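Structural features, examined
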Amino acid sequence: MNPLALTIFLLSLAIGTTITLSSYHWLLAWVGLEINTLAIIPLMTKIPHPRAIEAATKYFLTQAAASALVLFSSLINAWQTGEWGVDSISHLPMNALSIALMMKLGLAPLHFWMPEVLQGISLPTGLILSTWQKIAPMTLLLQTSHLANLHLTIILGLTSILIGGWGGIGQTQLRKIMAFSSIGHLGWMIVILKFNPDLTLFNFVFYIIMTASMFLSLTTISATKMSEVSTSWSKTPTLTASTLLILLSLAGLPPLTGFAPKLLITLELVKQDATLLAALIMLASLLALFFYLRLTYVVSLTLPPNTPNSFSSWRTSSKSLTITAIMNTLALVLLPLTPTLLIFL
């Protein structure tokens, strides 16, 4: 892609998210979401392949439907209250707004677009879709969390954790695995949204760090399938080992970074007398733990070929390796810094 065009699209992505984050008016928030949607579509189709065109079409249709629902609910709110402020939304359109924002995030049962779209695009665009594109709708959900329907958030969150685990079990394509992983992690965030929005924000920050590091690692070793990760073992052993550890961090195993949000969310639910809900989401997340462990075991121990075809090692750019190394370190060792981060947030 032309560097000038790429710069314009990336700036549009940044501007769209910034408009939504800084807006007090629902119309401005909607405009920011629309700029975000339209700016990423050319990035999806920069590789002219039928799968990429199909993915961009599916993404556009689902995001357009969700944006229309956001605008519809804000219009009903303005009609009822006479105000367009983000914090002035009434209870009637709040359910429609929550469903629209959850559709933009890719929460179950509105998740069907997410694995297909992520599978059809390149890894760098998948990184943007899985991290940056979720910031604006998640911020709007956090701003309206005090009005959210408790039953709706719990049902959709629990469903997302289940679907995220079930969907990833039979997958061998890494992008689809990351899509179902995203659905499962967003389920944890939505479950705790009404109880403690600060924990949702904390979990979201950790999710972005871990997902970004995973996508950067896969981009560096050019792997989209499990077998391709196993062949990279002999070429870049340190990077491959850290990639497998990030998978375990995404699973939430101690003493890695991903354990902190799951522990704090479970403790908060128990403190709020929702012990049954805490037990249910922990049991549901065992499905995701199974496919993460299976993926790690299969890639590291059993998938052939594990020997190099040549004696020359890969030449990767030092710049990309530096960024990847920093993100991988954050995705693995942030657990001891959790109390400090909580105070900061």
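Residues numbered from 1 in each chain as written. Predicted model: local features only at pLDDT ≥ 70, side-chain atom pairs only at ≥ 80, totals over all residues. Heavy atoms only, no water.

The protein chain is annotated in an unreviewed UniProt entry as NADH-ubiquinone oxidoreductase chain 2 of Pelophylax epeiroticus. Among the UniProt annotations of the protein chain, the heading Catalytic activity (unreviewed entry) holds the following wording: "a ubiquinone + NADH + 5 H(+)(in) = a ubiquinol + NAD(+) + 4 H(+)(out)". Turning to the protein chain, the UniProt record has this under Subcellular location (unreviewed entry): "Mitochondrion inner membrane". (UniProt positions renumbered as here; feature names shortened; annotations may be inferred.)

Membership of the largest hydrophobic core comes to 69 residues, with the highest contact counts inside it found for I40, M44, Y59, L129, L174, L269 and I281. Dropping the residues within four chain positions of it, I281 is found in contact with L158, I161, W188, V191, I265 and L269. Listed in part, the 27 residues of the second largest apolar core include M102, L107, L186 and I190. (Core = buried A, V, L, I, M, F, W, Y, C linked by side-chain atoms within 4.5 Å. Buried < 20%, exposed > 50% of the residue type's maximum accessible area, 1.4 Å probe, protein only. Contact = heavy atoms within 4.5 Å.)

Taking the UniProt record as the reference, the feature "transmembrane region" (unreviewed entry) is found at residues 59–80, 92–110, 147–165, 201–224, 236–256, 276–299 and 320–344. From the first C-alpha to the last, residues 147–165 spans 29 Å; its make-up is 84% helix and 0% strand. Span residues 236–256 is 71% helix and 0% strand, its end C-alpha atoms 22 Å apart. (Helix = DSSP H or I, 4+ residues; strand = E, 2+ residues; numbered from the N terminus.)

Among the secondary structure elements, S23 is positioned in the loop between helix 1 (3–22) and helix 2 (26–44). Residue S23 is classed as buried on the basis of its relative accessible area, which comes to 8%. Among the polar contacts listed, one links the side chain of S23 to the backbone nitrogen of A29, at a separation of 3.5 Å. In contact with S23, not counting residues within four places along its chain, are L28, A29 and V86. (Polar contact = N/O pair within 3.5 Å; in protein donor to acceptor, adjacent residues only side chain to side chain.)

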